[in-house]
Structures are given as C-alpha cells and as structure tokens.
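Architecture and fold: a report
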Amino acid sequence: MGSCIICGTSVEGRVCDSHEEDVVFDFRGDSPHQLVDDRFYRGTVDGYADFGVFVDLAPGVTGLLHRSELDMRLDSLEWEPGDSVFVQVKNVRDNGNVDLGWSIRQAEREFRGHLIQEGDGAEADFEPEDVEDTAEEAAVESHDAAEKAEEAAEDAEAVADEAEEIEETAEELEDAAEDVADADEDVAEEVAEDVEAAAEEIEEAAEDVEESAEEVAEEAEAAEVAAEAAETAAAAVEAEAEAHETDETTEAEAEEAAEFERVEVGTLGDRVDEEVRIEGEVVNVRQTGGPTVFEVRDETGSVDAAAFVEPGVRAYPDVELGDVVRLDGEVELRRSEIQIETEALAVLEGEEAETVQRRLADALAEKARPEDVEPLGGDDAVATLSDDLLDAAQAIRRAVLQSRPIVVRHPATADGYVAGAALERAALPLIREEHAQSDAEYHYFDRRPLDGAVYDMDAATNDATRMLQDRDRHDEKLPLFLLVGTGSTVESADGIGLLDVYDAEAVVVDAEVADPETRETVDTLVSPELADTDDHLSTGALAASLSAAVNGDVRDDLTHLPAVSYWEETPTHYTELARDAGYDAERVAELREAIALEAYYQSYEDKRELVADLLFEDGGDLAAHVSEQFREKLETEVETAEANIEREAADGVEFAVLDTDAYTHRYDFPPTGLLLDELHRRHREGDFVTLGFATDELYVRSTMDLSVRDVAAEAAEIAPQADIHSAGVREGTIEFLSGERDAVEDAVIAAIAELTS
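All of these numbers come straight from a predicted model, not from anything done at the bench.

Before going further, it helps to spend a moment on the environment of Ala 392. Examined against the element boundaries, Ala 392 turns out to sit in helix 5 (residues 386–401). Look at Ala 392 and you get buried, because its relative accessible area is 0%. Sequence spacing of Ala 392 and Asp 523 is 131 residues, and the spatial spacing of their C-alpha atoms is 9.0 Å. Discounting chain neighbours no more than four positions away, the residues touching Ala 392 are Val 507, Thr 524, Val 526 and Leu 546.

You can see Glu 281 is positioned in strand 11 (residues 275–287). For Glu 281, a relative accessible area of 16% puts it in the buried group. Excluding anything up to four places from it in sequence, Glu 281 contacts Glu 295, Val 296, Arg 297, Gly 322, Asp 323, Val 324, Leu 360 and Lys 477. Side-chain polar atoms of Glu 281 contact the side chain of Arg 297, separated by 2.8 Å. A polar contact of 3.2 Å, which involves the side chain of Glu 281, links it to the side chain of Lys 477.

The subject of this paragraph is unusual backbone geometry. Here the amide bond leading from Phe 669 into Pro 670 is cis, since omega sits at 5 degrees, within 30 degrees of zero. Here Pro 670 is to be found in the loop between helix 18 (660–663) and helix 19 (672–683). The backbone of Asp 38 sits at a positive phi, close to 75 degrees, despite the residue not being glycine. Checked against the element boundaries, Asp 38 lands in the loop between strand 3 (23–27) and strand 4 (40–49). On the basis of relative accessible area, Asp 38 is assigned to the partly exposed category, the value being 36%. A positive phi is found at Asp 503, a non-glycine position, where the angle reads about 60 degrees.

This part takes up the environment of Tyr 604. Within the secondary structure, Tyr 604 sits in the loop between helix 15 (585–600) and helix 16 (608–617). A relative accessible area of 55% means that Tyr 604 is categorised as exposed. Sequence spacing of Tyr 604 and Arg 447 is 157 residues, and the spatial spacing of their C-alpha atoms is 9.7 Å. Polar contacts involving the side chain of Tyr 604 include one to the side chain of Gln 602, which spans 2.9 Å.

Applying the stated rule across the entire model yields zero disulfides. You can see Cys 4 has no disulfide; the closest cysteine sulfur is in Cys 16, sitting 3.7 Å from it.

Here we come to helix 21 (residues 741–756). Given a rise of 1.5 Å per residue, 16 residues ought to cover 22 Å, and the 23 Å separating the end C-alpha atoms of helix 21 matches this to within 8%. Restricting attention to buried positions, one finds in helix 21 the residues Arg 741, Val 744, Glu 745, Ala 747, Val 748, Ile 749, Ala 751, Ile 752 and Ala 753. Structurally, helix 21 contributes buried residues whose contacts are with strand 21 (646–650), strand 22 (653–659), helix 18, strand 23 (688–693), strand 24 (697–702) and helix 20 (708–718).

On to the sheet that holds strand 21. Strand order in the open sheet made by the six strands is 21-22-23-24-26-25, with mixed pairing throughout. Bordering the open sheet on either side are strand 21 and strand 25 (725–728), each of which pairs with just one other strand. Ignoring which end each strand starts from, the neighbouring axes of this sheet average 30 degrees apart. In this structure, strand 22 lies alongside strand 23, joined through six bridges in parallel fashion. Residue pairing in the sheet places Phe 655 in a bridge with Val 689 of strand 23. Against the sheet, helix 21 engages strand 21, strand 22, strand 23 and strand 24, with an angle of about 160 degrees to strand 23.

To continue, consider the pattern of salt bridges. Applying the stated criterion across every chain yields a total of 44 salt bridges. Between Asp 304 and Arg 286 there is a salt bridge, and its shortest N-O distance comes to 2.5 Å. Here the residue Asp 304 occupies a position in strand 13 (residues 301–307), and Arg 286 occupies one in strand 11, the gap between them amounting to 18 residues. Take Asp 304: its relative accessible area is 6%, and that puts it in the buried class. Looking at Arg 286, the relative accessible area reads 28%, which means it is partly exposed. Residues Arg 448 and Asp 463 are paired through a salt bridge, measuring 2.6 Å at the closest nitrogen-oxygen approach. Separated by 15 residues along the polypeptide, Arg 448 in strand 17 (residues 445–450) and Asp 463 in helix 8 (residues 457–474) bring together distant segments of the chain. Residue class for Arg 448 comes out buried when judged on its relative accessible area of 10%. Through salt bridges that share partners, Arg 262, Glu 279, Glu 299, Arg 326, Glu 352 and Arg 359 make up one connected network.

If you trace the five strands from one edge of the open sheet to the other, you get 17-16-18-19-20, paired in parallel fashion. Both edges of this open sheet fall to strand 17 and strand 20 (524–526), since each of them pairs with a single strand only. Adjacent strand axes in the sheet meet at a mean angle of 15 degrees, parallel and antiparallel pairs treated alike. As defined by bridge partners, strand 16 (residues 406–411) adjoins strand 17 across six bridges and the pair is classed as parallel. Bridging from a neighbouring strand, Arg 409 pairs with Arg 448 of strand 17. On top of the sheet, helix 8 reaches strand 16, strand 17 and strand 18 (480–484); it is set at about 160 degrees to strand 17, its chief contact.

Once that is clear, we can look at the packing of aromatic side chains. Aromatic ring pairs are defined here through the distance separating the ring centres and the angle between the ring planes. In the structure shown here, the tally under the stated rule is 13 aromatic pairs. Ring geometry for Phe 25 versus Tyr 41: centroids 6.0 Å apart, planes at 45 degrees, classification tilted. Taken together, the residues span a long stretch of sequence, with Phe 25 in strand 3 and Tyr 41 in strand 4 at a distance of 16 residues. One exposure class covers both Phe 25 and Tyr 41, and it is buried. On the numbers, 5.2 Å between centres and 80 degrees between planes, the contact of Tyr 600 with Tyr 601 is edge-to-face. Three or more aromatic residues link up through ring pairs in this structure, and these residues are Trp 567, Tyr 600, Tyr 601, Phe 630 and Phe 669. Positioned above the aromatic ring of Phe 25, the side-chain terminus of Arg 39 is 4.0 Å from the ring centre. For Arg 105, the ring lying beneath its charged end belongs to Phe 40, and the centroid distance is 4.8 Å.

Next up on the list: the packing of helix 15 against helix 17 (residues 621–642). Packing of helix 15 against helix 17 leaves a shortest axis separation of 8 Å and a crossing angle of 70 degrees. Here helix 15 lies roughly perpendicular to helix 17, going by the angle between them. For helix 15 against helix 17, the interelement crossing comes out left-handed. Contact residues: helix 15 offers Glu 586, Ala 589, Glu 590, Leu 591, Glu 593, Ala 594, Ala 596, Leu 597 and Glu 598, while helix 17 offers Ala 623, Ala 624, Val 626, Ser 627, Gln 629, Phe 630, Arg 631 and Lys 633. When its residues are assigned to classes, the contact of helix 15 with helix 17 shows nine nonpolar, two polar and six charged.

So, how was this worked out
Residues numbered from 1 in each chain as written. Predicted model: local features only at pLDDT ≥ 70, side-chain atom pairs only at ≥ 80, totals over all residues. Heavy atoms only, no water. Helix = DSSP H or I, 4+ residues; strand = E, 2+ residues; numbered from the N terminus. Buried < 20%, exposed > 50% of the residue type's maximum accessible area, 1.4 Å probe, protein only. Contact = heavy atoms within 4.5 Å. Polar contact = N/O pair within 3.5 Å; in protein donor to acceptor, adjacent residues only side chain to side chain. Disulfide = S-S within 2.5 Å. Expected span 1.5 Å × (residues − 1). Pairing = 2+ DSSP bridges. Axes fitted to C-alpha atoms, helices over the stretch in contact; angles between N-to-C directions. Salt bridge = Lys/Arg side-chain N within 4 Å of Asp/Glu carboxyl O. Phe/Tyr/Trp six-rings, centres within 6.5 Å; stacked < 30°, edge-to-face > 60°. Lys NZ or Arg CZ within 6 Å of the ring centre and 35° of its normal. Parallel < 35°, antiparallel > 145°, perpendicular 65-115°, else oblique. Left-handed = near helix turned anticlockwise from the far one by under 90°. Nonpolar A, V, L, I, M, F, W, Y, C, P; charged D, E, K, R; others polar.

The following block contains the structure:
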C-alpha cells in the first residue's frame, strides 16, 4: 500500500481515484493498451491532419486529438511539431488507436502532481536525472567531510595524550633535582646537566606538540567548513527538487507594491515583458490546477492575470467577483495570448474605487449604445421599431463590455437559426476584441436551440441550473438571455419568471406573435405586433437588422439573411438585397432548405461552425448538397401523407385531416410542423384548414385569420372532458387528453366552423 501524493489517502499506487485527473503522467511503456483511460499525459506533437493532431505519448505510442475535442478551431491551435503538450486519454480501441481529449491545463504547474507510469502500470514519483545526480554528489561530499572531521578529531586526541606524558616526565625530573639538592657538588652538577638536557628535550617536545595542535586545528576547521558546505549544497539540491515538483515556489507578497505607471489594457500588446499597473473590475475568477486567474476589465478591454501561491490553491482569497482592484505585474505572451503575471493585487475602496468605477461607467455608456438603426433593405416596418431595437442592441453590447455571457435561445427552425446566427455573427467579433484569450467566444456566447417555440420550464430550468453553477463554481456573472422567436407569449411566462427570480436580464425579439403581459416580465421586448406594425416580417429579418446595429462591421455579411428566413412571400426589398449580395432565388432556397435540415438533426446543439459555413462561407456546394437531401426526404413524406389525408367540409370550410402518428415517420425528418406547412401550401384554396393529429397534440394551419387560442377555448366548451388547451400560438398547436382524441377532432372542426361562420 502507498499513499496519495495529494491527499495522503492509502491507495494501491501513488494517487487516489478522486485525484486521478489532478495529476499528469509521463508514460514509459511501449504499448497503447498500457495507457489508463481518463488520465492526463505529457506528449509531443507529431503532426497535423485535416481532422486533428497526432501526439506521441511514448516511442511507438501515438494518439489522435480529434478536432471535435478542441475548444477552439483546429486552425487556431498554435502547437508546432515537437512541442511538449498535455492531453487526456479518452479511449484505447481494440486495434490500438488512442483517442485523446483536450486538456485546458497546458503547463505542468497547473497540475497538482507529476508521476511516471511504467509499462507494467507501476507508478513512481517524477525526479529529473540532473536533480538526482546533484543530490548524490552533495551526499558524497558531505560523507567525505564527515570522515575528515573524524580523523582530525582522532589526531587532536593523540597529540593531547603525548603532551600529557611529557608534562609528567618534567615533573619527575624536577622532583629528582630537589632530592639531590644537598648532595655532593659533583653529583649535583651531573644532575643539573641531566635536568638541563631533559628541559631542552621537553621544550622541543612542547614545540612539536604545539605544531601538531595547530595542524589538527587547521584540519578540524577545514573539515567543519567542508561539512557546512556539503550541508548547504544538500539543502540547495533539496530546494531545487521541491521547486521542480511544484514548478514554482510560493512567493511572499511584497510589503509595499512597486509604483508602476497605470496603463490601459488595450495597450498591453505593445508592452510585453514590461512591468505595468492596471486598474479595473474583476469580471471573472477561475481556479486552475496551478495559478488562480483573475480577468480584469478596464475601459479599453479585459485581460487575464495569473496569481500563484501553490498548485490549485486560491491566490488572494479576499478578492471577489465585481471588486475594483489595482494590479501590478509583468506582461507576458502565453500561447499567443496577452497575460499578466501578478506581483501585487489590492482591492480599491473609497474615492480610489469610485474613480475607477466612473471611468468604467463613462466608457461603457459611450461604447454600448449604437447611434441609430439602419434597417437592412430600408424596411419601414423595422424602422418603426428603432427605439426598441436600440435598447436591445445596447443590452447586447453592454453585456460584452461587462464580460457577461450571452445565451441565445431560438427555435430549431430555419427562421430561428437565421436569427440566432445573425446575432452570433455580430457578437463574436466584439467578444474577441474585448477579451484576450482565444476561446473567449465560446465562453461568452452560447446559442442553445429549442425544440419548440415556447420558452418553457424545462428550458428555463436548464438555463438557471447552468447559470448558477457557473456563478458558484467559477465566479461568473449572470448572463444576458436573448430569446429570439420565443418567449413573447404567456406560454413562456413560467420560464421567464424563473430567470426573473435571479434578476437575470432577458431580451425578447419576436416578429410573429407577442402578448402585452410579456413586456412587464422582460427587460426589453421587440415586437412588431405590439407596435401595431402590420407589415410581413420574419424574426430572421428583424434579428438581422438588430445584428447590424450591434456591430456595423458585419453588416455586409448579413444582407442575404432576411431572404433566407422566409419560406414564401418574401418582401421584394429583401429579395433584391440578397441578389445584390450575390444570392439569387435558387441559392437562397438552397440555403433555407439546408439550414432547415441541419436544424432538425442534433437539434439541441448549436452546430456553430457548420451553420457559419453554410450561411457565410459556402460558395454554394455545401448548401446544394444538403438541400438535395432536404428535398428528397420531404418529398417522400409528402407523398405518404397525401395518400392518407382525409377531407371533409363544415359550414363552407374545407378540412384536410392527417393522422400524423400513423402516416409520418415521427423520429425522422421532416418534423411534423414543417411537413404540415408544406402540405398546407400545396393544397390550400379558399377557406381551407389543415389539421395534423398526434397522440395528444394537434397542429392547425389555416388560410383564414384564426386564433389557436380561440379554437382551443371553443373546442374545450364542446368537449370539456378532453382538457383541450392551446400549447403554442407561434406553432399553432393544441394539446388534449389522448383518450379523447376522436371527440377532440370533432370538437375542433366544429369550433373552427363556428368561429369562421
């Protein structure tokens, strides 16, 4: 049994299961099957392919980091062949192929430990050979010095014994001289001569002893110096080993911060390797396996500042999100991103804090609100909504400048995707400009498609949960929720109400329908219906003009989007605008159909790169390919449905009724709503209604001005036992009890006939 190098728990090996992912391993094996799933390993970049990066983990053991695992585009990754990198082993396949995962930690100091994994699975502490050699040399020197000191001590003891013997001999001779003091003169003379000779011998011996004592003292002193030097060397080696293990030593805070010149964040790119001071607001705090990273925003932008105490330990724990701070440090360039290595960080209070806050507020007010709205295609209906659009644009730009995430919710339809993609196109460049880190656009902008057009409690609960986790775990600010083509009716009131409990800002943009009550529950509402604008607007067209107000630099990229968002009756000014941008009617249709198909598959994913390729980067080949699949699948379903439509009439209204459970592929393209739209367009004539009945839900499509809520209310009176109620005004859906389906069909047909008579 061993003990975990992080928490000390008794384990088989050197790290416990709970800290497995806090440690990085150097792999010393020779087979991919010796790797351990989910562990992080040091590797060396071998080369690139169109689909990812190959990383060598050991001689003969190479893994693939697929581009789908990256948190950035593959062409943004700045690794070079031969670079030392850190990756996670996700899976080792039976054929030996190794699937790798991205590691956000790309420095050894960001891990809490470093181990060696041998081929047999044994784990050992990582100790560099140079540190081991130096430690061995220091130990040898210390041992030699100790032996010399011991020998010197023995020599000193022998000399002392010899001096003691000579002293005793001198005392004996002196006694003999006294005994013969009264003896014969000749005898006395002889004795005196003997004493004199003995005295000379004693003097010579004493001199020898003194010289020996001096030599012994010198040797002892030299041995002591050598021992101290060896001890010092050993301590230095120990410190070096400890420094390698942690990759950094804990730095004591300076008693007094150096007086640096305050500079703006926007100028840091020209100040690499310089020591600077910045002042601003802490807009994000994240704890890595190494340093604590504070994101600080001033009036010109934001920058990451790394502060290190020890691996994984929070630096400056008293500094919190939203604090106004003064930060001193050295500007560095890490992986092509500007970062400050923090030397001192202090929270400002009183007048100093107020000065910084005024500076930030003034800059924010100046930068956030656009000067005006110039509708794409000169749309007069959009122009009447200018004030609301300016408010919405200001909210989006303000969120970017305040380093608040933006969450866009839109239906998984062609119109919804066009609207969401337009806003994404406008916001991402602003985010890149505001934040230094390369993955900021993924961190601060999240587009989340909805299966339906109602922002219900399911969607709101998901959003609130993620929002609160990010706030509590990562000190993130609450996001701006941008609801596009959803959230405008009372059916979304519960979901929006949940966001409102946490004071999360919500902006709603919907060109189709809206209820006046919504204006009281959201911060900004853009709705042609509530503004008494009768012109035929799509949400995609409205969002495109809003996006142009958010970021005028991308206006030319957006001009074809309004035309793409319409399935029929596209306003002439939008058709001409698209044609002027190089998109004729056929290409616009292909884009619309391609987006509609891709919106259906993986509907909960934003498909950011694919959608951007289709709408902005494609020369036509991609859209044409996907559009062909759309047409084939739709035509197959239409043929099946048409063969099974039942027709009837009531009070002059023609009804086409389809059992969508029995005569559609419910779990394949096209979705029911899109199929019924196509059937209705093909067969409508005069007063015509298309009804699609599922197990407990029906769709209503009508050539007449018909309110789904009125239909549901009238039908509920006819069949009160069926619990009939409107579910989605925008989608034209009504829900009911599945056991009363036949009664509901009769009640709905009777209700429509009554309402239109």
